[in-house]
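Here is what each chain is made of, one letter per residue.
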Amino acid sequence: MRLRNVRGSKELLDASEYVLKNPAQFKGKWTEVFENKHPLFIEIGMGKGKFITTLAKQNTEINYLGIEKFSSVLVRGLEKQKELALSNLFFLREDAEYLPNFFEKGEVKRIYLNFSDPWPKDRHAKRRLTSKEYFARYDQVLDADGAVEFKTDNQSLFEFSLEEAELAGWKVIEKTLDLHHSELASKNVMTEYEEKFSLKGNPIFKMIVKRDGKIFG
């Protein structure tokens, strides 16, 4: 995906109260950041923010963090949050590779991965957010009943993700090869990419995985 540079985006993010700087300082203290003990859900690679801002607006009893490493993309999510001023949503401009630096074991209840970069070359497999290497990182921050939810329109990436989850010792709780025509559709919140792909008739793949195989509520 080619990213268009947005002039002044870094400066806008640096000046925003909704974009937290040096997140390592909040490790083990996220309840203090949000000033409550609600469960913490994070989206990695949040893009322009439609998905996570919608969830935060719908679920005020849950705290949300949107993580995006590209300033020019994250600034679009910031624009949405400035309009909504949701108290249960903050952003991090960070790389998911360093996730364990930001959260203590058990601080995160759920991780969302939506239409992640497929990194199609085999030599880049470790960079995929659903590789066993990344599942090892998720294991370091999720609580005992935590889950990872992944959506994509890329069938090869989805098949890779299922295999990697199993290799990493995770269990598939739910999966579908056509999300919008499945039982999971009723609770689905679409991303910008999802809307575009769906209009083209592309099926959306989804999996939900956990480490212990228990179904969460």
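Data block above holds the structure.
Cut-off values and rules
Residues numbered from 1 in each chain as written. Predicted model: local features only at pLDDT ≥ 70, side-chain atom pairs only at ≥ 80, totals over all residues. Heavy atoms only, no water. Pairing = 2+ DSSP bridges. Helix = DSSP H or I, 4+ residues; strand = E, 2+ residues; numbered from the N terminus. Axes fitted to C-alpha atoms, helices over the stretch in contact; angles between N-to-C directions. Buried < 20%, exposed > 50% of the residue type's maximum accessible area, 1.4 Å probe, protein only. Contact = heavy atoms within 4.5 Å.

*Asks:* What is the right way to read the sheet that holds strand β5 (residues 142–152) from this model?
*Replies:* Adjacent strands of a sheet pair through backbone hydrogen bonds, lying either parallel or antiparallel. Across the sheet, which stays open at both edges, the 7 strands sit in the order β3-β2-β1-β4-β5-β7-β6 with mixed pairing between neighbours. For this open sheet the edge positions go to β3 (89–92) and β6 (171–176), each flanked by a neighbour on one side alone. Adjacent strand axes in the sheet meet at a mean angle of 20° when their direction is disregarded. As judged from the 6 bridges shared by β5 and strand β7 (residues 205–210), these two strands associate in the antiparallel manner. Across the sheet, Ala147 pairs through a bridge with Lys210, a residue of β7.

*Asks:* Honestly, unusual backbone geometry in this entry has me stumped. Any pointers?
*Replies:* The phi torsion of most residues other than glycine is negative, and most of the peptide bonds are trans. Phi at Ala85 is positive, roughly 50°, even though this residue is not glycine. With respect to the element layout, Ala85 can be found in the loop between α4 (71–84) and β3. Of note, Phe115 is a non-glycine position whose phi angle comes to about 55°, a positive value. For Phe115, the position within the fold is in the loop between β4 (108–114) and α5 (132–141).

*Asks:* Help me out: how do you make sense of the side chain of Asn188 in this one?
*Replies:* Following the sequence through the fold, Asn188 ends up in the loop between β6 and α7 (192–199). Assessed through its relative accessible area of 18%, Asn188 is described here as buried. Sequence-distant contacts of Asn188, that is, excluding residues within four places in its chain, are made with Lys151, Leu179, His180 and Glu194.

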